[in-house]
Amino acid sequence: MTRSPFLTCWLIAGLTVLYLPIALLIGTSFNASRLTTQWSGFSLRWYVAMFHDTALMDAAFLSIRIALVSATIATLLGGIAGFALARLRRFHGRTLFAGLLAAPLVLPDLLIGLALLLLFVAAERLTGFPQNRGALTVVLAHATMCIAYVALVVESRLASTGTTLEQVAMDLGAPPFTAFLRITLPLMAPALLAGWLLAFTLSLDDVVIASFTSGPGATTLPMLVFSTLRLGATPILNALASLVLALAAGALFAAWRLGRARKY
Amino acid sequence: MSGFVTFEGIELRYGAHTALAGLDLSISQGEIFVLLGTSGSGKTTLLKIAGGFLTPSAGRIVLDNTDITALPSWQRPVNTMFQNYALFPHMRVAENIGFGLRRQGMRGRELASRVEELLALIRLEGHGARRISELSGGQQQRVALARSLARRPKLLLLDEPLSALDRSLREETRADLLALLKFLGTTSIIVTHDQDEALAIADRIGVLREGRLEQVGRPSDLYERPATRAIAAFLGAANLIPVRLAESTADTLSLALPGGATAIMPVRPIAPAGLLHLALRPESLTLTIGTGPNTLAATVEGATYRGATRDLRLRLPDGTPLRANLSPDAPIPPEGSALRLTWNPSRAILLDR
């Protein structure tokens, strides 16, 4: 097939728009100068400074801990919800349940954050839990937000595989629960992993909901980055962004390799 | 009721729709019974009821003197080979075959040797560690068969076991399947829509139409003595010619064909008010120069050379289309020419339904 030069130009233009900013960011993170506009030699000084910035490191570790816990909770609950939607074709309130479950996908973060804040304050006044806002409330908020994403991924995976394999398992003497453990769960596993990764990324990335539901002691990485930016950009942030990018690319590559190994 | 497997008055209704309407069927031990029908005839529904995936609205199933109607699929001594095989993609060949055995509590060396035995049975020795995706279509078919045979089911259900295979592979696999089922003596119900397949593998065939068993019998019974026009046309090709009863004596019937021809055949009971049809198989028609009874005149509309036969498309004087498969040595009649055909009266089929 011959490619028209016109299409090739469009492809290059499109890729440039998408990736030039990222390339610039990575380049700048190695710039010795404090000024973005002026190249004064290759240096790792911003990476060193980043690792010495204790506030930044604390925030990063807090964010990772929150993301780990909230992604796990969301995967458990979202997995169950996705299974129910895909396998229980009819139950009372199914449409309502599906709608409520998908709501966080379309609701603005601002609204979710505000609503959760009000809930936490009211709950504390009535029951004493959760005591003040902090890491725990952010975990609960992120888990709530991510359930919808996990459920969606799991449901579409299960809907595409159908119920025949479970029927085969039951035909071969497996009671329903054994069929679920031996057949459905292994089939769901890639979707659960993908959902967990998605939830982890969403939690790590969120600034709006975290700002509403966090308390004085708990500043997540995105919150810290945001407040730092208000005082002017520092090249440390470029280094941080480049590092996150490298980690994300590495995880993506690992997932791709795993997926390829699984097939053959 | 006798028989190893009996279905007694099986009914299945979804609201106003009747999928199966009071079906009775008895199958003896070691028999290969083929359920033949078009899609929507209820054949897969019956298989699902036998496998325990659907509960009939009425009726019961007795297998080896035990009523299994209320047993869930995982407690029935019945196994199914599913359409398109439905092999577990996340398990190796040996794990697929051993799945049912593990559910019985079989482990370790006993399990391994039984799986190896089954692999030998389907001529896939040493393939136990393969992934399903590494197997060809024919190999997958055999693995699915071995998996469904592993628990030595009292009744084996096969849902279109050959339909996913290439035509070239189908005939060979069909012979293998038949030999294996006969060797093991497994009582089997095979569902198919392919009449050639049904004729070739069945001990008996049941033709299902609109949730009813229209006729049950040996393949030769159904082919030579179909009960209805639909079965005559479905099992092999048949020319259906409307006829009128002209005269009946103690041992012969005389029939008036369109265009003034007559057919004389041995007497048989016919429904008095029935609309009569004479069914003539295309292969039982031959050219003739005679003009007596059991001959008819037709006009040639076209011919197709098929190697073993020369297939003619013809038309009777009243417009009824007719097909005749002649010997390829027969002279080629030009299009539009008239010719005369005859048949052996014992091969003619008179239908009153």
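Residues numbered from 1 in each chain as written. Chains lettered and ligands numbered in written order. Predicted model: local features only at pLDDT ≥ 70, side-chain atom pairs only at ≥ 80, totals over all residues. Heavy atoms only, no water.

Attention now goes to the interface of chain B and chain A. Counting from both sides, the interface comprises 21 residues of chain B and, opposite them, 20 residues of chain A. A buried area of about 1800 Å², summed over both sides, lies between chain B and chain A, and 68% of it is on carbon and sulfur atoms. By the criterion of area lost to chain A, the three top residues of chain B are B:Trp74, B:His90 and B:Arg103, representing 31% of everything that side buries. On inspection of chain B and its partner chain A, the count reaches zero salt bridges. Connecting chain B to chain A are five residue pairs in polar contact (both at pLDDT 80 or more). Looking at the side of chain B that touches chain A, the elements that each hand over two or more residues are strand E6 (78-81) and helix H2 (93-103) of chain B. By residue class, the composition of the side of chain B that touches chain A is ten nonpolar, seven polar and four charged. (Contact = heavy atoms within 4.5 Å. Buried area = accessible area lost by both parts, 1.4 Å probe. Salt bridge = Lys/Arg side-chain N within 4 Å of Asp/Glu carboxyl O. Polar contact = N/O pair within 3.5 Å; in protein donor to acceptor, adjacent residues only side chain to side chain. Helix = DSSP H or I, 4+ residues; strand = E, 2+ residues; numbered from the N terminus. Nonpolar A, V, L, I, M, F, W, Y, C, P; charged D, E, K, R; others polar.)

Residue and element names in this part refer to chain B. Looking at the element boundaries, Asn 239 is found in strand E11 (residues 239-248). Judged by its relative accessible area of 5%, Asn 239 falls in the buried class. In this structure the side chain of Asn 239 is engaged in a polar contact, spanning 2.7 Å, whose partner is the backbone oxygen of Arg 323. In this structure, Asn 239 is in contact with Leu 278, Ala 279, Leu 280, Arg 281, Pro 282, Leu 285, Pro 321, Leu 322 and Arg 323, ignoring residues within four places of it in sequence. (Buried < 20%, exposed > 50% of the residue type's maximum accessible area, 1.4 Å probe, protein only.)

A separate point is the sheet that holds strand E10 (residues 212-217) of chain B. All names here are of chain B. Strand order in the open sheet formed by six strands is E6-E7-E8-E3-E9-E10, with mixed pairing between adjacent strands. Strands at the two margins of the open sheet, each flanked by one partner only, are E6 and E10. Averaged over all adjacent pairs, the angle separating strand axes in this sheet is 20°, with direction ignored. Where E6 and strand E7 (residues 155-159) come together, four bridges link them in parallel fashion. Across the sheet, Met 81 pairs through a bridge with Leu 158, a residue of E7. (Pairing = 2+ DSSP bridges. Axes fitted to C-alpha atoms, helices over the stretch in contact; angles between N-to-C directions.)

The next point concerns the packing of helix H4 (residues 94-106) of chain A against helix H6 (residues 135-161) of chain A. All names here are of chain A. The N-to-C vectors of H4 and H6 enclose an angle of 110°; their axes lie 8 Å apart at closest approach. Our classification of the angle between H4 and H6 gives roughly perpendicular. Note on packing geometry: the crossing formed by H4 with H6 is left-handed. The residues of H6 that touch H4, namely those facing Leu 101, Pro 104 and Leu 105, are Thr 144, Met 145, Ile 147, Ala 148, Tyr 149, Ala 151 and Leu 152. In the contact of H4 with H6, the residues fall into nine nonpolar, one polar and no charged. (Parallel < 35°, antiparallel > 145°, perpendicular 65-115°, else oblique. Left-handed = near helix turned anticlockwise from the far one by under 90°.)

Another point: the domain arrangement of chain B. Parsing chain B into structural domains produces domain 1 (1-77 + 153-236), domain 2 (89-151) and domain 3 (238-351). Centre-to-centre, using C-alpha coordinates, domain 2 of chain B lies 53 Å away from domain 3 of chain B. (Domains from an automatic or database assignment.)

The next point concerns the pairing of E7(B). All names here are of chain B. A large share of E7 lies buried, amounting to five of its five residues. Pairing between E7 and strand E8 (residues 188-192): four bridges, direction parallel. Opposite Leu 157, over in E8, you have Ile 189 as the bridge partner. Assessed by its sense of winding, the connection that carries the chain from E7 through helix H5 (residues 167-184) to E8 is right-handed. (Right-handed = clockwise from strand over helix to strand, strands pointing away.)

Residues and elements named next belong to chain B. Inspection of the secondary structure assignment puts Glu 160 in the loop between E7 and H5. As a buried residue without a salt bridge, Glu 160 has its nearest oppositely charged side chain in Lys 43, at a separation of 4.2 Å. Excluding residues within four positions of it along the chain, Glu 160 makes contact with Lys 43, Gln 83, Val 191, Thr 192 and His 193. (Lys, Arg positive; Asp, Glu negative; His and termini not counted.)

Residue and element names in this part refer to chain B. The tally for this structure, following the rule as stated, stands at 16 salt bridges over all chains. For Asp 67, the salt bridge goes to Arg 60, with nearest N and O atoms at 3.2 Å. Since its relative accessible area comes to 37%, Arg 60 is described here as partly exposed. Where Asp 221 meets Arg 225, a salt bridge forms, and the shortest distance between an N and an O atom there is 3.1 Å. By sharing partners, the salt bridges in this structure join Glu 8, Arg 60 and Asp 67 into a single network.

Residue and element names in this part refer to chain A. Inspection of every chain in the model, using the stated rule, returns nine aromatic pairs over all chains. Between Phe 6 and Trp 10, the aromatic rings sit 6.3 Å apart at their centres with planes inclined by 85°, giving edge-to-face as the arrangement. Here Phe 6 and its partner Trp 10 are both found in helix H1 (residues 5-29), four residues apart, which amounts to about one turn of the helix. With respect to burial, Phe 6 and Trp 10 carry one shared label: exposed. Seen in terms of ring centroids, Trp 196 and Phe 200 are 5.2 Å apart; in terms of plane orientation they differ by 15°. Their pairing is stacked. Taken together, the residues span about one helical turn, with Trp 196 and Phe 200 both in helix H8 (residues 176-205) at a distance of four residues. Each member of the aromatic cluster is reached from another via a ring pair, and the members are Phe 30, Phe 42 and Tyr 47. (Phe/Tyr/Trp six-rings, centres within 6.5 Å; stacked < 30°, edge-to-face > 60°.)

Let us now look at the nonpolar core. All names here are of chain B. The biggest cluster of nonpolar side chains holds 40 residues, and the ones touching the most others in it are Ile 97, Ile 122, Val 143, Leu 145, Leu 158 and Ile 205. Those elements that place two or more of their residues in this core are strand E3 (32-36), H2, helix H3 (108-121), helix H4 (137-149), E7, H5, helix H6 (195-201) and strand E9 (204-209). Shared between two domains, this core takes at least three residues from each, and those domains are domain 1 (1-77 + 153-236) and domain 2 (89-151). Other than its neighbours up to four places away in sequence, Ile 205 contacts Phe 33, Val 34, Leu 36, Ala 198, Leu 199, Gln 215, Val 216, Gly 217, Pro 219 and Leu 222. (Core = buried A, V, L, I, M, F, W, Y, C linked by side-chain atoms within 4.5 Å.)

Attention now moves to H2(B). Owing to its 3.6 residues per turn, the α-helix brings residues three or four apart onto one side. Of all eleven residues that make up H2(B), eight are buried, and the element is covered over most of its length. Buried residues of H2(B): B:Val93, B:Asn96, B:Ile97, B:Gly98, B:Phe99, B:Gly100, B:Leu101 and B:Arg103, and no others. Looking at the packing, one finds that the buried side of H2(B) touches helix H7 (164-171) and H8 of chain A together with H3 and H4 of chain B. Immediately beyond the C-terminal end of H2(B), within one or two residues, lies B:Gly105, with a positive phi of roughly 95°.

The next subject is the environment of A:Arg157. All names here are of chain A. By secondary structure assignment, the location of Arg 157 is in helix H6. You can call Arg 157 partly exposed: its relative accessible area is 30%. Between the C-alpha atom of Arg 157 and that of Val 69, which follows or precedes it by 88 residues, the distance is 24 Å. Each residue touching Arg 157, except ones within four places of it in the same chain, is listed here: Leu 187, Pro 190 and Ala 191.

Omega for the bond connecting A:Phe129 with A:Pro130 falls within 30 degrees of zero, at -5°, which places this linkage in the cis form. Here A:Pro130 shows up in the loop between helix H5 (109-127) and H6. Residue B:Ala86 is not a glycine yet carries a positive backbone phi of 50°. If you trace the backbone, B:Ala86 turns up in the loop between E6 and H2. Positive phi is not limited to glycine here, since B:Asn294 has a value of about 60°. Topologically, B:Asn294 is positioned in the loop between strand E15 (285-288) and strand E16 (295-305). Under the relative-accessibility criterion, B:Asn294 is labelled buried at 9%.

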